[in-house]
Amino acid sequence: MNIKVITILILTSFGMSQFSDVEVSLDLRQISQEYHFLLDDFKEEIISYFENTVFSENDLNFEIPIKIDIIIQNISKSGEPSIKAQFFASNYIDLNLYSKSCHFPYDRGNTINHSSYFNPLGSLLDYFAYIFMANELDKYSSLEGNFFFSMAEKISIDGKDSNYSSGWSDRWKKVKRISENSYFRKFRYHWYQLKYHIETPSEESEMAIPKLMIEIENDIYYLKEFFPNDRNVFLFLKIYAKSLAQVLGELEMYDALLMLMDYDVDNKKIYLEATE
């Protein structure tokens, strides 16, 4: 199937959730046992929020798997009940999001609401959702995730100006770093396209592959020059180093492999073997 057709199907399908296989874990070791009952429904509420919320009016039906580990650090019952926590979210593949200093009001039995207005907990979950959706869209079209990155950025700005501003400045910087690394975003897109065309040969693929080879070599060069320490890049390379080395070796892209050897030193041996 043409990759453009895949994109159209994703943009027009109905009746499927944007997140699936949502897994949430709670670490309550820092909380007194007497407060544990307050969080009896917390995991299920977050799972339900991700699986049932329509995060986009365009009904982008990705079915993105997501895992969220939450460390509860403090529960305050003076005044408005609130929680301080750390969140670690992952799509199991190529994007991890860590957020410390998360602070939000929470009372057992209250529903997490999705709204265009800032809500400390709901907006935190929206922030994660929009970044994962942007990351997913970038796989199908170059820099197509810009809209959702801007949504996450807007939430961060609102959060910085709210009564629960803790951590939102760091979250704003995080989404800016991800969205502004256009070289990595293009590299991901070009890599997924190259894999697709190699695995589904056609006349279109024969024309596309030489162009993608040039794009990928350029992407690696710019990543090496301008983003030498981006954690998300190295997470991606950790996952795909073997298949990337195999494909680049088969295509005799030795200059690209040499650049990767210098850039991604943890996987240098894998790239070196592909040049032999």
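Residues numbered from 1 in each chain as written. Predicted model: local features only at pLDDT ≥ 70, side-chain atom pairs only at ≥ 80, totals over all residues. Heavy atoms only, no water.

Undergrad: Can you break down the nonpolar core residue by residue, with the values?
TA: Core analysis: the biggest nonpolar cluster contains 48 residues, and F19, F50, I72 and F87 have the highest contact counts within it. Counting residues per element, the ones that place at least two in this core are strand 1 (19–27), helix 2 (42–52), strand 2 (64–76), strand 3 (82–90), strand 4 (96–105), helix 3 (120–137), helix 4 (146–160) and helix 5 (168–180). Aside from chain neighbours lying at most four places away, what touches F87 is I68, D69, I70, L97, Y98, S99, C102, F104, L124, L125 and F128. The next biggest cluster of nonpolar side chains, apart from the first, holds 29 residues, and it includes L194, F236, A241 and L257. (Core = buried A, V, L, I, M, F, W, Y, C linked by side-chain atoms within 4.5 Å. Buried < 20%, exposed > 50% of the residue type's maximum accessible area, 1.4 Å probe, protein only. Helix = DSSP H or I, 4+ residues; strand = E, 2+ residues; numbered from the N terminus. Contact = heavy atoms within 4.5 Å.)

Undergrad: Can you tell me about the pattern of salt bridges, naming the residues and giving the values?
TA: In the structure shown here, the tally under the stated rule is 12 salt bridges. One salt bridge in this structure joins R188 and D94, with 2.8 Å as the shortest N-O distance. Pair noted here: R188 is in helix 6 (residues 182–199) and D94 is in the loop between strand 3 and strand 4, with a separation of 94 residues, a long-range link. Ionic pairing is found between K224 and D262, a salt bridge with its closest N-O pair at 3.2 Å. On the criterion of sequence distance, the pair formed by K224 in helix 7 (residues 203–226) and D262 in helix 9 (residues 254–263) is long-range, its members being 38 residues apart. Look at the salt bridges and you will find they share partners, linking E23, K67 and D69 into a network. (Salt bridge = Lys/Arg side-chain N within 4 Å of Asp/Glu carboxyl O.)

Undergrad: Go over unusual backbone geometry with me, naming the residues and quoting the values.
TA: In this structure, Y92 is a non-glycine residue whose phi angle is positive, near 70°. On the accessibility criterion, Y92 (45% relative accessible area) is partly exposed. One non-glycine residue, E252, adopts positive backbone phi at about 55°.

Undergrad: An account of the packing of helix 4 against helix 5 is requested, with residue identities and associated values reported.
TA: Look at helix 4 against helix 5: their axes get within 8 Å of each other, and the N-to-C directions meet at 160°. The orientation of helix 4 with respect to helix 5, classified from their angle, is roughly antiparallel. Regarding helix 4 and helix 5, the two cross each other, and that crossing is left-handed. Facing helix 4, whose interface residues are F149, A152, E153, I155, S156, I157, G159 and K160, helix 5 presents W168, S169, R171, W172, V175, K176, I178 and S179. Partitioning the contact of helix 4 with helix 5 into residue classes produces 8 nonpolar, 4 polar and 4 charged. (Axes fitted to C-alpha atoms, helices over the stretch in contact; angles between N-to-C directions. Parallel < 35°, antiparallel > 145°, perpendicular 65-115°, else oblique. Left-handed = near helix turned anticlockwise from the far one by under 90°. Nonpolar A, V, L, I, M, F, W, Y, C, P; charged D, E, K, R; others polar.)

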